[in-house]
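Examining the three-dimensional arrangement
The chain contents come next:
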Amino acid sequence: MSQAVTVAVRVRPFNDREKAEGAQNVIQMSGGKNTTILGEQGKSHTFSFDHSFWSHDKEGDRYDSQEDVYQALGSKILQSAIEGYNTCLFAYGQTGSGKTYTMLGYGGDIGVIPRLCKNLFEKCDAKREEAAGDWDCRVQVSYLEIYNEKCRCLLNPNSKEVKPREHPATGPYVEGLTTVIVGTFEDIEQLMDEGNKTRTVASTAMNATSSRSHAIFTITFTQFSGRNADPSGKGSEKVSKINLVDLAGSERANKTGATGATLKEGANINKSLVCLGKVIAALADQKKGAHIPFRDSSLTWLLKENLGGNSRTIMMAALSPHVTNYEESLSTLRYADRAKRIKTHAIVNEDPTSKRIRELSEEVERLKQLLSNTTQQPPPQEGLKEGGDEEDDKSNEYTSLSAAEQLAMTVAALEDAAMPWEDKQKKNQVIQEERHQALIELGIGVEVDKNNPSLINLNEDPFMNECLVYFLKSGVTTLGSDASCDITIHGDLQPHHCTITVEGDQIQISPTTDEATTCVNGNEIEAKQPHQLKPRDRIIFGDRHIFRLNHPRVEQKQRDEGTEGGGAGFDYHMAMNEKYETFKRNVMEEVQHEERRREEEVQQQIEDLKKEERRREEEAEQQQLSRIEAELRVKELEENLKQTNEISLPMPNLTGAAPVAHVPNKLAPAGVAAQQKGALHTSTGGRIKYVDVGLFSANRKQVSRVPPQLLRKYKVILIGHEEVGKTSIKKCWSSGDPRFFKKLPDVLCTTGIEVQEHRLKYEGHGAGKPSDDDLTLSVLDFAGQEVYHSHSLFLSPRSIFVFVWNMSNYEDGEMAESEESRMMSWLDEVYSKAPGSSAVLLGTHKDELPNQKLSNLNAILNNVKGRVEEYIQSIRIADEPEKDIRVVGSYACSCKSRGAWGGEFQTEKGAKMSELLRAIGGQAFKNCLADRQYPSGAIPGRHVQFLRELERLKAERKKLLLPIQEYAQLASDFGIEDQGELRDCTNLFHSWNVIYLFTQAKRLLDHPYIFLHPLWLSHMVSALFSMAHLIYTPPSARKYIGGLNYSPEEALRVDMGRLRNGELTLSLARVLLSKSIKSIRNDKQDAAVEDVDLEMCLQLLISMDLVYPRVVASEDPSDPEGETSQYYVPSLFPLNYPSSLKEVVPYLFQKGLYRMYIFNIFPKEFYYRLVCRLQHLMIPISVPVPEGVTVDIGEDIKYLPPNYDHQVRNHWKDGMWIGTKGIRAFVYQVDTMIYAVFSPQNFGETGEVSLQEFIEYFDEVINTLADEYDGLSMSCCQPCVNGECENWFDVKILSEVSKRDGSIQCQNCQEDRPAKTIIRGGGLERSPGPEWNELWPNLTAALGNDKAAALLCSLDCVINESDVSDAGEAYLLKEDAECDVWTDKFISVLMYIAFCQQQSYS
């Protein structure tokens, strides 16, 4: 017979906090059944239930007490159990709504469960006496906890996890769950108390502060009647199961403020409650054949019988009356309203044991028969699917087991069912003894002298508070998470966290390490320093393990003497607040100290500025007095200039190779001597031409002087990878007040450097004039795709670098690995070009974070800032702290809501994006005030006049660049005569984008030309690399690329896939650069671009070390013998050098030198620039196919550039072959190191240059390039000449020792050798080594056995001494094979292997 689930609701009174807030009640009840919840604007919802308990006002006319609730619900549960029915009572509701109070009670006001258990034994005793021996009963209990979808037995402290199972005969059950026999109510009370304390220990280990789990207390009540109530007398039997369920609170994450692990924990709890709701909803609909998702959670699976099967079930819904809990209370009422429509089908469970034994016996016989006939999986069993819970066979755990596993499970269940009662009692006694020992180890149930000192736990949950007692022995007690400690507390503690020493009435505590955080009364104590403890002291181990020291003997003595201390009433919240107040006080003291320190620094800076101003005034006076002397010196200089026909300033190196002093002419690039005569790109008659450069003018202009001016200009450079939101940020800053429009304009992908200027005013910082408070801020948006590596050439000091990163990729307390790698690579670029700069970290997509609370944002921003500062420390140059990048701010923003958070914006609402720009600009303003060369932004009048003259020349557009001597003469006309002063103002103009310096050389004389149009130059360079951006973008996404100055279709047509291989044709260059050329010449768009103009642009790219030229055969069919220039872009070479070749580099050269150049950081473009400067020494490496071997590459050919299957060109992204007659070298990059292997190519011949001359040239080239990077440090090392040793020597040390003809001892092999021998390579002889032995497996993997054998046999320096199928070492080198012979063959084989295997683009 079906019966509806009984549903009751109960409303609790206001708590103290709600009363203090002036709480408003939204719950009303009437008639004992109706419940109404009042909403906004007079709306209300009324529900009707079986019982509505009004427990809100204890002083009112109506109040339902604990006894009233028990009589209405508990007594009904108990009576049904005595009649032989399965029963269940479960409590549901929001956290803090009174569920646990209703089920368990508090203090002396006990709840439903204790009352039911007590009444059960009272009724059993009465019935046993009334039946006069013809009736008896047995009571067994189990206590189960479900936490994070994992089940745990609370009656067995040693159990880790028990698992829900299903059996076709017994239904759902929990494997490994401990069942204990009880005889009295006191037994149950003790078991529940110990189980709750076990929950306390578990919650402590999981860093939980309250019971956030479901608890199921099950009573199995077995009644025997007839045959003198003897189980073996074949009398009647009735078995009832009483499930008493205390569900975890239903919580909303946005109200609890949970984050991290706590948020996931709450999500799992809500998941099980949501599953319970789905089951209730499905059962309430009562649709025949509907799917009931019992299996979706452990909770619903174990309550399957109680919700829709053989059970009489009562649901108790607890309500919170406060208006702030309106949504949760309404949800609970709707939950309960659905539950009352559920129908269960309870039956009296008569003789269930016999039926169970019979079914299990039949299953055992079936499985034995199956095992004897077949080894296959058993077929699905009939009758395993119930009602609407129809699952496929794959979801049924039992049917998925093998027949042997099913048999073992069934036999175990049969043995348990058929076990005699006496055996069960013996088993129960063993279980109780094991439990008692385990509880003692956990600090539960300890029986010792109560006068001894002890630690008592404090917990946020009242039911878990003061549950654990750890007694301290006389002497030393160890405490930690390790099992060997006297007191073991699991969780976030150190293995051996601290020691507690008891000597008489004196107790001392001492943390073992600095990581063993320990607080006493809120104050953290030092490690390894004993700290005296007093009675009632609050001790916090780790973050949240809180205990109170209890010392009864000393406390009684203090009471007798009237000297009793405080702390008696401290609970968990008071102890945590005590820790917080201490922390707050310490932080405030640190903040005040920091403020005082900063104020002193500002005062000192003001004094320094005043001193500097006085010094400048004195210098002006001195200059006035020495004017006559200066004029005489100028005349003398002019006379000297007239008498000379040459200048000492170097001219531009248009081949791309760096101008290097003392370079042997035989190693210099072809044509350098002719090009160093000087060439200047000027415009005459509207056409750009090359003209000869003149000398300094002998006649100096007389220019009137102007006073100094305040010009404060600064750059804000937005850098970061693509799609992080840089362009959107820039548009937010330029779009003004957001109320004028709803959304930002469409954002296209940036393809170059976009510039935006802002004029900001900072009141009170000027010198009296309103304009003195102005700051001109240039915002530069750098394209983020990796192909635009050329952007790093436009980084300069006097910039604030805003590192933009995507916050939505932040997960589990860490940045995404790719996001962090991108940021660190940009840090390398900035540190190398502009050390000592200021940096701002700006996280975007804040609106996509799961938790957007300010506290979580600050935690993320501080974590990222810490990672960045840690990385800066790892790359810094020792003893040069002034070069460190200073992180001056860390913010988060949302371009959708146009808000900013973090830093000084510490409100949940945040600030406007314009305020973020102003905050960054404020830091730029401070940097202007503290500028070393130009304090307070004061620019001398002569520099201002020079600046205006440069701007005039730029506006005329008659010159693109100035020779350094013309530039210096122009500066001299305005009174700038000192080279140091000229260098300072030149660097200032470079940072303001007024001019551009082709190199970052420290000496002004190392800059042959000054370029006048840096922004045009950046757009011209971007045009080239935007083509690579276009190529690597899928066709469907190319419409989102903005800022292209050419037709993509035409560029792709003329390119024909060449740029993908790093080859820039003249036809493609003409398409890419035409608009740039026309814009600088102010030509019409339909005007033709002349070859000389195109060549000029290519020469600029060469001067920037972005491309290099090569003379190749003409592709013109009419001129088969002709030659043409081909240009190559090293950064776009598609392939990396074969790793197999890198691994055998030490064995490729038998005599020579092996060097390693180590850098603190490695900017991306450094290696590409090195390739451009060494391109004139590149040599191709041929890889001929051995005769008799034909290799079908098949589809792999499409991954290789044209002709790569015949000849290996020297076009690799990370390696190159260089050399000259008689010398060859292999140079390649690995991480932050460059390796170079130098060797004579032919031992019997004398080359054009010696090996030592070649190495010196290479060193000078790489050193000159490294000197252009202020933040780059480089060291050079050479290996020990012992072929078996892996030690490296610093070349500087070797050079110093070799000058004294000294020797040096290797710290690894302990061999002592002359330094000259090591630094010259020492004629090192190396055998082929293990790499030769690995040739055979590599060859067979690439070619197969037959082709591999033919290839090896084709080498004239190899002897085949075995069959093809034998190991590779059977191919031996001839004893008379010279080193250079087998080396060349060895290289050929390795290269051939690399190209036979599939290669892909980098």
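Computed from a predicted structure; not experimentally measured.

Okay, helix α24 (residues 979–991) next. Here α24 spans 18 Å end to end across 13 residues, near enough to the 18 Å set by a 1.5 Å rise per residue. Regarding α24, the residues found buried are Gly980, Glu981, Leu982, Cys985, Thr986, Leu988, Phe989, His990 and Ser991. Where the residues of α24 are buried, they touch β33 (713–719), β41 (938–939), α22 (941–956), α23 (964–973) and β43 (996–997).

This paragraph deals with the pattern of salt bridges. Per the stated rule, a full pass over the model turns up 42 salt bridges. Note that Asp136 and Arg138 form a salt bridge whose closest N and O atoms lie 3.0 Å from each other. According to the relative accessible area criterion, Asp136 is buried, its value standing at 19%. The class of Arg138 is buried, set by a relative accessible area of 16%. The shortest N-O distance in the salt bridge between Arg867 and Glu820 comes to 2.6 Å. Taken together, the positions of Arg867 in helix α20 (residues 854–875) and Glu820 in helix α19 (residues 817–833) put the pair 47 residues apart, joining distant regions of the chain. A relative accessible area of 16% places Glu820 in the buried class. A single network of salt bridges, built from pairs that share partners, joins Asp125, Arg128, Asp136 and Arg138.

With that out of the way, let us pick up the sheet that holds strand β45 (residues 1063–1064). Within the open sheet, the 3 strands sit side by side as β45-β47-β46. Their pairing is antiparallel. Every interior strand has two partners, whereas the edge strands, β45 and β46 (1108–1113), have only one. Relative to strand β47 (residues 1123–1128), β45 runs antiparallel, the two being bridged by 2 bridges. Bridge pairing in β47 places Glu1063 opposite Tyr1128.

Now for the environment of Val868. Within the fold, Val868 resides in helix α20. Distance from Val868 to Leu841, taken between C-alpha atoms, is 9.0 Å for residues 27 residues apart in sequence. Look past the residues within four positions of Val868 in its chain and what remains in contact with it is Met823, Met824, Leu827, Leu841 and Val887.

What follows covers the sheet that holds strand β28 (residues 538–541). Strand order in the open sheet formed by 6 strands is β20-β19-β29-β28-β25-β26, with antiparallel pairing between adjacent strands. Because the sheet does not close on itself, it has two edges, and the strands there are β20 (469–471) and β26 (523–524). The pairing of strand β25 (residues 518–520) with β28 spans 3 bridges and is antiparallel. Counterpart to Thr518 in the pairing with β28 is Phe541.

What follows deals with the state of the cysteines. For the structure on display, the rule yields 0 disulfides. Note on Cys732: no disulfide assigned, nearest cysteine sulfur contributed by Cys895 at a separation of 4.1 Å. Looking at the unpaired Cys1309, the closest cysteine sulfur is the one in Cys1306, lying at 3.6 Å.

In the structure shown here, the tally under the stated rule is 27 aromatic pairs. Relative to Phe925, the ring of Tyr762 lies with its centre 5.1 Å away and its plane at 45 degrees, an arrangement referred to as tilted. Of this pair, Tyr762 sits in the loop between β34 (753–761) and β35 (774–782) while Phe925 sits in helix α21 (residues 913–929), and the two are 163 residues apart along the sequence. Members of the aromatic cluster, connected to one another through ring pairs, are Tyr1154, Trp1217, Phe1226, Tyr1228, Tyr1235 and Trp1288. Positioned above the aromatic ring of Phe49, the side-chain terminus of Lys340 is 5.4 Å from the ring centre. Residue placement shows Arg918 over the ring face of Tyr762; its charged tip is 4.3 Å from the ring centre.

A few words now on helix α32 (residues 1251–1267). Here α32 spans 24 Å end to end across 17 residues, near enough to the 24 Å set by a 1.5 Å rise per residue. Taken together, the buried positions of α32 are Leu1251, Phe1254, Ile1255, Tyr1257, Phe1258, Asp1259, Val1261, Ile1262, Leu1265 and Ala1266.

Cut-off values and rules
Within every chain, residues take consecutive numbers counted from 1 along the sequence as written. Note on the predicted model: pLDDT of at least 70 is required for a residue's local features to be given, and 80 or more for side-chain atom pairs to be given and counted; whole-chain, interface and lining totals, by contrast, use all residues. No hydrogens and no water enter the side-chain calculation; it runs on all heavy atoms of the structure. Secondary structure follows DSSP: runs of H or I at least 4 residues long count as helices, runs of E at least 2 residues long count as strands, and numbering of each begins at the N terminus. Here the expected length of a helix is defined as 1.5 Å per residue gap, with one fewer gap than residues. Classification of residues uses two cut-offs on accessible area relative to the type maximum, computed with a 1.4 Å probe and protein chains only: under 20% is buried, over 50% is exposed, and between them is partly exposed. Here a residue-residue contact requires only that any non-hydrogen atoms of the pair lie within 4.5 Å. Definition used for salt bridges: Asp or Glu carboxyl oxygen within 4 Å of a side-chain nitrogen of Lys or Arg. A strand pair is defined by DSSP finding two or more bridges across the two strands. By definition, disulfides here are pairs of cysteine sulfur atoms that lie within 2.5 Å. Pairs were defined over the aromatic rings of Phe, Tyr and Trp, the Trp ring being its six-membered one, requiring ring centres within 6.5 Å. Orientation was assigned from the angle between planes: stacked under 30 degrees, edge-to-face over 60, tilted for the rest. Either the NZ atom of lysine or the CZ atom of arginine qualifies as a charge over a ring when it sits within 6 Å of the ring centre and within 35 degrees of the ring normal.

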